[in-house]
Amino acid sequence: MSPVSDPDEDSGEPPTASPEEIAADRRRRRAQFLRELHEAKELRERVQPRRARAARMRYQMRMRTFRW
């Protein structure tokens, strides 16, 4: 039988990736996630303005009463 590589063995990162490339990829994925999160919050505010406003008020109250 010929040796066949198992697809489950691949960790997702190329084996020759430097730490700088891995960090850059992580920052790129994080930036994409934050953009999508911001877009989702804006959409929620447009679709449910009263509920979104109430959530903002609750968040502000939590921040005011939080002790550092």
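Reading guide: rules and limits
Residues numbered from 1 in each chain as written. Predicted model: local features only at pLDDT ≥ 70, side-chain atom pairs only at ≥ 80, totals over all residues. Heavy atoms only, no water. Helix = DSSP H or I, 4+ residues; strand = E, 2+ residues; numbered from the N terminus. Buried < 20%, exposed > 50% of the residue type's maximum accessible area, 1.4 Å probe, protein only. Salt bridge = Lys/Arg side-chain N within 4 Å of Asp/Glu carboxyl O. Axes fitted to C-alpha atoms, helices over the stretch in contact; angles between N-to-C directions. Parallel < 35°, antiparallel > 145°, perpendicular 65-115°, else oblique. Contact = heavy atoms within 4.5 Å. Nonpolar A, V, L, I, M, F, W, Y, C, P; charged D, E, K, R; others polar.

Participant: Quick question: what am I supposed to make of the overall build of the protein here?
Facilitator: Helix and strand content of the protein: two helices and zero strands. Classification of the 68 residues of the protein by burial places 4% in the buried group.

Participant: Can you walk me through the pattern of salt bridges in this structure?
Facilitator: Any two side chains of opposite charge can pair, on the condition that their charged atoms come close. Going through the model one piece at a time under the given rule, you end up with three salt bridges. One salt bridge connects Asp25 with Arg29, and the closest N-O pair in it is separated by 3.2 Å. Taken as a pair, Asp25 and Arg29 lie in helix H1 (residues 19-47) at a separation of four residues, close to a single helical turn. Among the residues examined, Asp25 registers a relative accessible area of 18% and is labelled buried.

Participant: I keep staring at the environment of Glu42 and nothing clicks. Help me out?
Facilitator: Looking at the element boundaries, Glu42 is found in helix H1. For the pair Glu42 and Ala52, spaced 10 residues apart in sequence, the C-alpha to C-alpha distance is 9.4 Å.

Participant: Looking at this structure, I do not really get the packing of H1 against helix H2 (residues 49-65). What am I missing?
Facilitator: Each packed pair of helices is defined by two parameters, the angle between the axes and the distance between the axes. Where H1 meets H2, the axes come as close as 5 Å, and the angle between the chain directions of the two elements is 120°. Of the possible angle classes, the one that applies to H1 and H2 is oblique. Touching Arg44, Glu45, Arg46 and Val47 of H1 are Pro49, Ala52 and Arg56, all from H2. By residue class, the composition of the contact of H1 with H2 is three nonpolar, no polar and four charged.

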